[in-house]
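Residues per chain, in single letters:
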Amino acid sequence: MINFLKEHTQILVLLLFWLFAGMLFAESSYLLIPLSLIFLRKKQLYTYMIVGFLMIIFFADNRHHMLGDWAFNIKDVYLVVLSIFVFLNMKEFPDRGKLFTPFIVFLLFAFLLTIRSIDPLMSFQRTLSYTLILAATPGYFMKELDRFGVFLPRTCIWFCILFLTVSLIMILFFNSWVYTNGRFNGLLGSPNGIGTLGALLIILIAVSKYHYPDIFSKSEYFFIYGIIIASVIISSSRNSLFSILIFLFFLRFYKISYFYGFIIVIISAIVFQFINENLVSIITSLGLGKYLRVEHLDDGSGRLIAWSFAWQEIERHFFIGQGFGYDKDYFTINREYLSSLGHQGGVHNTYLTFWLNTGLIGLVLFLVAFVRLFVKAASINYIAIPTLFTILFTISFESWAAASLSPFFLLLLLIITLLQYQKNEPVTQKDIIPLQ
């Protein structure tokens, strides 16, 4: 961590300047951040532009208005500026379409549905945002992987660990800022956000290590895993804990053989049904009932209310949805009713979110494109299928994969890029070229 702080002092100072300027005078961000991005673009510091984007969308969902409001207002501008740099110089980003091309049909269909939306303009903007992040950010990833290899994933991982470390330290001094209803949420918007970040970091580290075995030293791995595990445990995110276990479990067998991995998938599906029917008894017998909040398993901590409510609306628009953003509009309109039932928030399920917004047709188009990316990557990287299973499980309980301006979606795009990436020459930690 200390070495990371020393190596990246200048960019960290710049990010802190963005943060304090945004908190003290939010309007300054509309000038400060685009000018900073122009400077970073001129120096071709693309990794730092991605790290800056991560910080903005990390804070955008923070429940404290002082930290979250300025970031929420500037995140769209940030994405637009990143996209403009790509589209004005396409020759510099030749591989930008690898993640975008499979989603073209889905995105075209989503754009058509904006005319059915309650707010067509807002729906169009949300669809455009999803399109831009798929079309632009992979270009930056591929460019940096080609130029500096391990520098991009290493820097992004360390930045996320720094974010979690600061969140843990704040427990000692600003406990009320990092806890919600007795659960650790750090500097993110929710405890489940901490858990999701931890699960994605475990996957990102594994995928990065596949390409760059020397990405971290043993002591660095010890520190990094310690921070991730501590954060996930304190957040009490059941789904994230299960996601990490699923990934590690399948990773082990797929590393040996695709055949063994496939057999384990079949066996796991059978065992899962048994565990699911007896989950409360199993958790209670292990003495983990209080920690895993077993009293909420039957109601899914409010998720079943959200899922049932979403399904009632889906039945009215089964095949064709109401456009991107309809899930938020629908749940906002019915906020008081849902609150009386004990639910606050959104759908908490990516599949249902897409189904609400784009109908069954849109959901199928998305899943075909999404799964296709991993199947293609599986031909060159055994980690692809375990990652796919883990992500498909994780998004069953959260809607972040349907939100373009989510830090988790950005990290997922980086993971998929790495899964598909084929470097020309081995790059190790000693080959990192410092960016000054």
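The structure we're discussing is the one just above.
Figured I'd write up the structure that's included with this text.

The rules behind the values
- Residues numbered from 1 in each chain as written.
- Predicted model: local features only at pLDDT ≥ 70, side-chain atom pairs only at ≥ 80, totals over all residues.
- Heavy atoms only, no water.
- Helix = DSSP H or I, 4+ residues; strand = E, 2+ residues; numbered from the N terminus.
- Buried < 20%, exposed > 50% of the residue type's maximum accessible area, 1.4 Å probe, protein only.
- Contact = heavy atoms within 4.5 Å.
- Areas by Shrake-Rupley, 256 points an atom, 1.4 Å probe, with all protein chains shown as cover.
- Phe/Tyr/Trp six-rings, centres within 6.5 Å; stacked < 30°, edge-to-face > 60°.
- 1 Å grid on protein atoms, 1.4 Å probe; cavity = no way out; pocket = protein on both sides within 12 Å on 5 of 7 lines; lining within 4 Å.
- Points joined across faces, edges and corners; volume = space filled by probe spheres on them.
- Disulfide = S-S within 2.5 Å.
- Salt bridge = Lys/Arg side-chain N within 4 Å of Asp/Glu carboxyl O.
- Polar contact = N/O pair within 3.5 Å; in protein donor to acceptor, adjacent residues only side chain to side chain.
- Expected span 1.5 Å × (residues − 1).

## Focus: the overall build of the protein chain
Then comes step 1: Per the secondary structure count, the protein chain includes 20 helices and two strands.
Then comes step 2: Within the protein chain, the fraction of its 436 residues that count as buried is 56%.
Then comes step 3: Contacts spanning at least 24 positions in sequence make up 77% of the contacts within the protein chain whose residues lie at least 6 apart.
Then comes step 4: Just so you have it, the protein chain exposes about 19900 Å², and 67% of that area is on carbon and sulfur atoms.

## Examining the packing of aromatic side chains
Then comes step 1: Following the criterion strictly, the structure yields 44 aromatic pairs and no others.
Then comes step 2: Between W18 and Y78, the ring centres sit 6.0 Å apart and the planes meet at 70°, which makes this aromatic pair edge-to-face. Of the two residues, W18 is situated in helix α2 (residues 9-24) and Y78 in helix α5 (residues 65-87); the sequence distance between them amounts to 60 residues.
Then comes step 3: Aromatic ring contacts, followed pair by pair, group F103, F106, Y130, F324, F354, F366, F370, F374 and F409 into a single cluster.

## Some words on empty space enclosed by the protein
Then comes step 1: Across all of its chains, the model carries one cavity of 30 Å³ or more by this definition.
Then comes step 2: Looking at the largest cavity, the residues that line it are N192, T196, S237, N239, S240, R303, T394, F397 and E398.
Then comes step 3: Of all the secondary-structure elements, those providing two or more residues to the lining of the largest cavity are α10 (191-211) and α12 (238-256).

## As for unusual backbone geometry
Peptide bonds are trans in most cases, and residues, glycine excluded, mostly fall at negative phi.
Then comes step 1: In this structure, S236 is a non-glycine residue whose phi angle is positive, near 55°.
Then comes step 2: Mapping S236 onto the fold places it in the loop between α11 (218-235) and α12.
Then comes step 3: The residue H348 is not glycine, and still its phi comes out positive at about 60°.
Then comes step 4: You can see H348 is positioned in the loop between α17 (335-341) and α18 (350-378).

## Points about the state of the cysteines
Then comes step 1: In the structure shown here, the tally under the stated rule is zero disulfides.
Then comes step 2: Free of any disulfide, C156 has its nearest cysteine sulfur in C160, 6.8 Å distant.
Then comes step 3: Judged by relative accessible area, which is 1%, C156 ranks as buried.

## As for helix α16 (residues 326-333)
Then comes step 1: Burial in α16 covers these residues: Y326, D327, D329, Y330 and F331.
Then comes step 2: Those residues of α16 hidden inside the fold are in contact with α7 (120-148), α15 (303-314), α17 and α18.

## Some words on the environment of G182
Then comes step 1: Mapped onto the elements, G182 comes out in the loop between β1 (179-180) and β2 (183-184).
Then comes step 2: The class of G182 is exposed, set by a relative accessible area of 64%.
Then comes step 3: Taking the C-alpha atoms as reference points, G182 and I234, 52 residues apart in sequence, are found 9.6 Å from one another.

## Let's talk about the pattern of salt bridges
Then comes step 1: A full pass over the atoms with the stated rule returns five salt bridges.
Then comes step 2: With its nearest N and O atoms 3.3 Å apart, the salt bridge here joins E220 to R154. Residue E220 is located in helix α11, and its partner R154 is located in helix α8 (residues 151-173); the two are separated by 66 residues in the primary sequence.
Then comes step 3: E313 is paired through a salt bridge with R316; the nearest N and O atoms lie 2.7 Å apart.
Then comes step 4: Owing to a relative accessible area of 4%, E313 belongs among the buried residues under this scheme.
Then comes step 5: Taking relative accessible area as the criterion, R316 reaches 57% and is therefore assigned exposed.

## Focus: the side chain of H317
Then comes step 1: Here H317 is to be found in the loop between α15 and α16.
Then comes step 2: In this structure the side chain of H317 is engaged in a polar contact, spanning 3.5 Å, whose partner is the side chain of Q322.

## Let's talk about helix α20 (residues 407-420)
Then comes step 1: Taking 1.5 Å as the rise per residue, α20 with 14 residues should run 20 Å; its terminal C-alpha atoms sit 20 Å apart, in good agreement.
Then comes step 2: Burial runs high along α20: 14 of the 14 residues are buried.

## Structural notes on the side chain of N239
Then comes step 1: As for its placement among the helices and strands, N239 is situated in helix α12.
Then comes step 2: With a relative accessible area of 15%, N239 lands in the buried category.
Then comes step 3: In contact with N239, not counting residues within four places along its chain, are R303, F393 and F397.

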